[in-house]
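Examining the three-dimensional arrangement
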Amino acid sequence: MIAAKELTKIYPDGTEAVHRITFDIPCGECCSVIGPSGCGKTTLLLIFAGILRPSAGKALINSHEVTGPSKELALIFQDYGLFPWKTVHENVSLGLELRGVQKKEQQEIVSSLLKDLGLHGFEKNYPKQLSGGMQQRVAFARMLALKPKILLMDEPLSSLDALTRENMQNVLLQLWQQKRMTMLLVTHSIEEAVFFGQKIVVLSPRPGTIVKTIENPQKGSIEYRTQEVFFAKCKEVRQSLDGGAI
Ligand SMILES: Nc1ncnc2c1ncn2[C@@H]1O[C@H](COP(=O)(O)OP(=O)(O)O)[C@@H](O)[C@H]1O
Ligand SMILES: [Mg+2]
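Cut-off values and rules
- Residues numbered from 1 in each chain as written.
- Chains lettered and ligands numbered in written order.
- Predicted model: local features only at pLDDT ≥ 70, side-chain atom pairs only at ≥ 80, totals over all residues.
- Heavy atoms only, no water.
- Near = heavy atom within 4 Å.
- Polar contact = N/O pair within 3.5 Å; in protein donor to acceptor, adjacent residues only side chain to side chain.
- Areas by Shrake-Rupley, 256 points an atom, 1.4 Å probe, with all protein chains shown as cover.
- Helix = DSSP H or I, 4+ residues; strand = E, 2+ residues; numbered from the N terminus.
- Nonpolar A, V, L, I, M, F, W, Y, C, P; charged D, E, K, R; others polar.
- Contact = heavy atoms within 4.5 Å.
- Domains from an automatic or database assignment.
- Buried area = accessible area lost by both parts, 1.4 Å probe.
- Salt bridge = Lys/Arg side-chain N within 4 Å of Asp/Glu carboxyl O.
- Axes fitted to C-alpha atoms, helices over the stretch in contact; angles between N-to-C directions.
- Parallel < 35°, antiparallel > 145°, perpendicular 65-115°, else oblique.
- Left-handed = near helix turned anticlockwise from the far one by under 90°.
- Disulfide = S-S within 2.5 Å.
- Buried < 20%, exposed > 50% of the residue type's maximum accessible area, 1.4 Å probe, protein only.

Side note on the site of ligand 1
- Of all residues adjacent to ligand 1, which total 13 residues, the nearest are Gly 38, Lys 41, Thr 42, Thr 43 and Arg 206.
- One of the side-chain N or O atoms of Thr 42 is found 2.8 Å from an oxygen atom in ligand 1.
- When isolated, ligand 1 has an accessible area of 560 Å², and the protein chains bury 65% of it.
- At three residues, the largest contribution of residues to the shell around ligand 1 is made by helix H1 (residues 41-48).
- By residue class, the composition of the shell around ligand 1 is four nonpolar, six polar and three charged.

Structure, rendered in structure tokens:
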């Protein structure tokens, strides 16, 4: 389980990014965080990742206070962070190489992930030879290779076109169903927040405080997107955001 307890972050220049944020995500569940630009969403993820320290309150992973980066956790951003001079296979195996995993085992893990993500046959391609959606899948494969138990995602699909984005949402949902990682998804998209989040945390403009936490027990299938309850939930989130520009 991961939890924020009264988390506050004030940057050295006095900017208060988030103010007394409290929520938790049970093991194996996915929570969405949505809120206007600049309300502290990235700040929140960086605190959980152990890269930033909170000014007050605590970030907890499995009841332990986060004090630095953890091997159990992976962070994924909007820009894919792939190395242009490395092939797809080399990009995905990078973390395994750094951990000293044997070549044969690396090969097995990478092949199986590339297959899962529909990238079979592209092992020897370079990132620039792939579409944005495929590059994002390579980035996901690289992160999944390390078998994280917790996945923090910062608007990971924002730079994809609408159709590719929907397709990647389906891929991600399936990955979550297979691997049951605990996931925290930061997104600008109301539909994406509702598609993924068992719980949807709605933040106010800066300093980000929790406006509402919306339970969303019906999520979990690709068809959810087309159902009335989905539209009703999107409306609820939209109303909580209070028409604020996001
Ligand atoms: N290192 C920093 N120093 C001062 N202010 C910062 C720093 N990083 C972010 N901020 C400010 O904190 C607020 C929250 O930023 P951020 O967490 O990136 O928001 P979001 O991801 O929701 O857009 C913004 O106003 C941003 O300008
Ligand atoms: Mg951000």
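Next comes the rest of the description.
Points about the side chain of Arg 225
- Here Arg 225 is to be found in the loop between strand S10 (210-215) and helix H7 (228-241).
- When near neighbours in sequence (up to four residues on either side) are disregarded, Arg 225 contacts Glu 166, Gln 169, Asn 170, Phe 195, Phe 230 and Phe 231.

Brief notes about the domain arrangement of the chain
- Domain annotation for the chain reports domain 1 (2-72 + 148-241) and domain 2 (83-147).
- Look at where the C-alpha atoms of domain 1 and domain 2 centre, and you get two points 25 Å apart.
- The interface is formed by 16 residues belonging to domain 1 together with twelve residues belonging to domain 2.
- Carbon and sulfur atoms make up 75% of the area that domain 1 and domain 2 hide from each other, which totals about 1100 Å².
- Summed over the shared surface of domain 1 and domain 2, the number is zero salt bridges.
- Taken together, the links from domain 1 to domain 2 amount to one residue pair in polar contact (both at pLDDT 80 or more).
- Listed by contribution, the elements that provide at least two residues to the side of domain 1 that touches domain 2 are strand S7 (150-154) and helix H5 (162-179).
- The element that contributes the greatest number of residues to the side of domain 1 that touches domain 2 is H5, accounting for seven residues.
- Tallied by class, the residues present in the side of domain 1 that touches domain 2 amount to eleven nonpolar, two polar and three charged.

Focus: the packing of helix H2 (residues 88-98) against helix H4 (residues 132-144)
- Look at H2 against H4: their axes get within 7 Å of each other, and the N-to-C directions meet at 30°. By the angle class used here, H2 and H4 are roughly parallel. Regarding H2 and H4, the two cross each other, and that crossing is right-handed. On H4, the residues touching Val 88, Asn 91, Val 92 and Leu 94 of H2 are Val 138, Ala 141 and Arg 142.

Quick look at the state of the cysteines
- This structure, assessed with the given rule, holds zero disulfides.
- With no disulfide of its own, Cys 27 lies closest to Cys 30 among cysteine sulfurs, the gap being 13 Å.
- Sulfur of Cys 31: no disulfide; nearest cysteine sulfur belongs to Cys 30 and is 7.2 Å away.
- Look at Cys 31 and you get buried, because its relative accessible area is 1%.

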